Amino acid sequence: MNRMKLTKKEKVSYGLGAVGKDLVYMLSASYMLYYYQDVMGVNAIVMGVILMIARIFDAFNDPIMGVIVAKTRTKWGKFRPWLLIGAITDAIVLYFMFSAPPSLNGGGLIAYAATIYILWCITYTMIDIPYWSMIPAFTEGGKERESLTTLARSCAGVGAALITILTMILVPLLGNGDERVGFSRFALLIAILFVVFTVITCINVKEKSTVNMVTPTIKEMFKALVSNDQAMTVVIAIVFINCSLYVTSNLLIYFFKYDIGGSNWNANYTLFNAFGGGIQIISMMILYPLLRKFISSIQVFYVSFAMAVGGYLLLLAIMFTDFSNVYVLLIPGLFIFAAFGMLTVLTTVFLANTVDYGELKNNRRDESIIFSMQTFVVQLASGVSAFIASICLTVFNISEETQMVEMATTSKAGLRITMTIIPIIGLLIAVFI
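A brief structural summary. In this text, all values refer to a predicted model and were calculated from it rather than measured experimentally.

Basis of the calculations
Residues numbered from 1 in each chain as written. Predicted model: local features only at pLDDT ≥ 70, side-chain atom pairs only at ≥ 80, totals over all residues. Heavy atoms only, no water. Helix = DSSP H or I, 4+ residues; strand = E, 2+ residues; numbered from the N terminus. Buried < 20%, exposed > 50% of the residue type's maximum accessible area, 1.4 Å probe, protein only. Contact = heavy atoms within 4.5 Å. Polar contact = N/O pair within 3.5 Å; in protein donor to acceptor, adjacent residues only side chain to side chain. Axes fitted to C-alpha atoms, helices over the stretch in contact; angles between N-to-C directions. Parallel < 35°, antiparallel > 145°, perpendicular 65-115°, else oblique. Left-handed = near helix turned anticlockwise from the far one by under 90°. Core = buried A, V, L, I, M, F, W, Y, C linked by side-chain atoms within 4.5 Å. Expected span 1.5 Å × (residues − 1). Bend = angle between axes of the 7 residues up to and from the residue. Phe/Tyr/Trp six-rings, centres within 6.5 Å; stacked < 30°, edge-to-face > 60°. Salt bridge = Lys/Arg side-chain N within 4 Å of Asp/Glu carboxyl O. Patch = residues over 30% accessible without salt bridge, like charges linked within 9 Å, V, L, I, M, F, W, Y side chains within 5 Å. Areas by Shrake-Rupley, 256 points an atom, 1.4 Å probe, with all protein chains shown as cover.

Here the focus is the overall build of the protein chain. When helices and strands are counted, the protein chain shows 15 helices and zero strands. Here the protein chain holds 433 residues, and 57% of them are scored as buried. Of the contacts formed within the protein chain by residues at least 6 apart in sequence, a portion of 83% connects residues at least 24 apart.

What follows is the structure, encoded as structure tokens:
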């Protein structure tokens, strides 16, 4: 059956869905630990364990949701109803995630955090699985499909970068200096944008054919990976690359708040994040396509790796000097954020290529299995990195109380090493693999 090529309107609408999805995802991945540990006072290790367990739960949750979507039959198709249901329910849960009742404390607050985060995982999966699985239903195979997947992943990166830029600008403004109130109102704003963007996707992107959605079990996922050594390589690399990025993003706010400190710490943190988020967007949309005109994808990967490691080493060196100007941190930040921007696109391109490789090697095209694994491993990486960050915060005694006294030298050293050396190790393992 011949189908018309995708229109610009369809591409933009699908991309907006990815922007909305990652606005929500990155707010949860980057700020839930900070919100509950630093703003609400929950023990960091407890939060790390909650985030880790929830990601393990996701390993079983994703295939179940896939089965439900596959068996859905409505006049709007099998995917769009779940996009809408998932967006609305996840938006509601997101609001309550960052609106914990101030009267709660101790065990009650821990129970609230654990319950709301697991609910968020369930509702996010309700939109994430059908969003990525619906691509074959409105695209031709081959280049069109891979091009749209890359576009969507890039748009997702834009959503993540916007959270990096905007969160600590808008939270103090919306809360009039009260972070608890500010996070609640900011989460409401993001939740509304999320639903609006998803509605645009649902209206403008229609299924053009019936797709037999093959939903993998956990066993089938790992069987597909074991039989496709290239996919296994890329998936493991994604875990280590994203762990490196998320460890830094989780600890960055503590570095500015407690290590550098000062009354203008928020302005410095916001400046660094706004700069970094902008660089990420530019690297995904401009720098990566530019480099690809001259060198291969794997060469861009090595360039990105060198940029990230070099940036981290420079950042660590600057941290241990008596620098007085925060602008000097933008130099290593330029290399780190640009590298991760390109790596976001590259891992998707590599994963798409492994589907073709698997078809040649095994006479089986495990497209849905391999791409569903990407969703799981990215979420797993955020859980692992949050756990690593929580250990750092606990071992080196970094919390709201730190603001009342001068941060110990050992605490500063531990924070700096964790947010630079650990990511370097993760990147080295990814490149070696």
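Let us look at the side chain of Lys257. With respect to the helices, strands and loops of the structure, Lys257 is situated in helix α9 (residues 229-260). A relative accessible area of 6% means that Lys257 is categorised as buried. For Lys257, the side chain forms a polar contact with the side chain of Asp38, separated by 2.8 Å.

Contact pair helix α1 (residues 8-39) / helix α7 (residues 179-204): the axes reach a minimum separation of 8 Å and the direction vectors enclose 160°. Judged by the inter-axis angle, α1 sits roughly antiparallel to α7. Crossing handedness for the pair α1 and α7: left-handed.

A word on the nonpolar core. In this structure, Tyr14, Tyr36, Phe98, Trp120 and Tyr254 are the most contacted members of the largest nonpolar core, which totals 134 residues. Residue contributions to this core peak at 17 residues, all from α9. The contact partners of Tyr36, leaving out residues within four places of it in the chain, are Gly41, Val42, Met47, Phe96, Met97, Ala100, Leu109, Tyr112, Ala113 and Ile116.

Moving on to α9. For α9, built from 32 residues, the straight-helix expectation of 46 Å at 1.5 Å per residue is met to within 8% by its first-to-last C-alpha distance of 45 Å. The largest bend in α9 is about 35°, located at Leu251. For α9, a buried count of 24 out of 32 residues is recorded, marking the element as mostly surrounded by other parts of the structure.

The next point concerns the packing of aromatic side chains. Using the criterion set out here, one finds 23 aromatic pairs in the structure. When the ring of Tyr34 is compared with that of Tyr254, the centres are 5.7 Å apart and the planes differ by 70°; the resulting orientation is edge-to-face. Separated by 220 residues along the polypeptide, Tyr34 in helix α1 and Tyr254 in helix α9 bring together distant segments of the chain. Across the pair, exposure class does not vary: Tyr34 and Tyr254 are buried alike.

Let's shift gears to helix α12 (residues 330-362). Each α-helix winds once per 3.6 residues, and so residues spaced three or four apart point in a common direction. The first and last C-alpha atoms of α12 sit 47 Å apart over 33 residues, in line with the 48 Å expected at 1.5 Å per residue. Trailing α12 by a residue or two, Asn363 shows a phi angle of about 55°, which is positive.

What follows covers the pattern of salt bridges. When the charged atoms of two side chains with opposite charge come close together, those side chains can pair. Inspection of the entire model under this criterion finds four salt bridges. With a shortest N-O distance of 2.8 Å, Asp38 and Lys257 are connected by a salt bridge. Of this pair, Asp38 sits in helix α1 while Lys257 sits in helix α9, placing them 219 residues apart in sequence. Lys257 matches Asp38 in its accessibility class, with the two residues each being buried. With a closest N to O distance of 3.8 Å, Lys257 and Glu179 form a salt bridge. Here Glu179 lies in helix α7 and Lys257 lies in helix α9, a separation of 78 residues in the sequence. Take Lys257 and Glu179: they sit in the same class, and that class is buried.

Turning next to the environment of Asn362. With respect to the helices and strands, Asn362 occurs in helix α12. For the pair Asn362 and Ser227, spaced 135 residues apart in sequence, the C-alpha to C-alpha distance is 7.6 Å. If near-sequence neighbours (up to four positions away) are discounted, Asn362 is found in contact with Ser227 and Asn228.

Take unusual backbone geometry next. The phi dihedral of Asn176 falls on the positive side, at around 50°, and the residue is not glycine. A relative accessible area of 71% places Asn176 in the exposed class. You will see that Asn397, though not glycine, has its phi angle at about 55°, which is positive.

Let's shift gears to a nonpolar patch on the surface. On the surface, a nonpolar cluster with roughly 480 Å² of combined accessible area is contributed by Leu84, Ile88, Ile92, Phe96, Val199 and Ile203. Going through the elements one at a time, α3 (80-97) and α7 are the ones with two or more residues in the nonpolar patch. It is α3 that contributes the most residues to the nonpolar patch, four residues altogether. Within the element layout of this structure, Ile203 appears in helix α7.

This part is about the side chain of Ser382. Inspection of the secondary structure puts Ser382 in helix α13 (residues 367-395). For Ser382, the side chain forms a polar contact with the side chain of Tyr25, separated by 3.3 Å. Residues contacting Ser382, with those up to four places away along its chain left out, are Tyr25, Ala29, Arg55 and Tyr246.

What follows deals with the environment of Ser249. Its place among the elements puts Ser249 in helix α9. Along the chain, Ser249 and Ser30 lie 219 residues apart, while their C-alpha atoms are 6.2 Å from each other.

Along the chain, the position of Leu166 falls in helix α6 (residues 143-174). Separated by 104 residues in the primary sequence, Leu166 and Thr270 place their C-alpha atoms 7.7 Å from one another.

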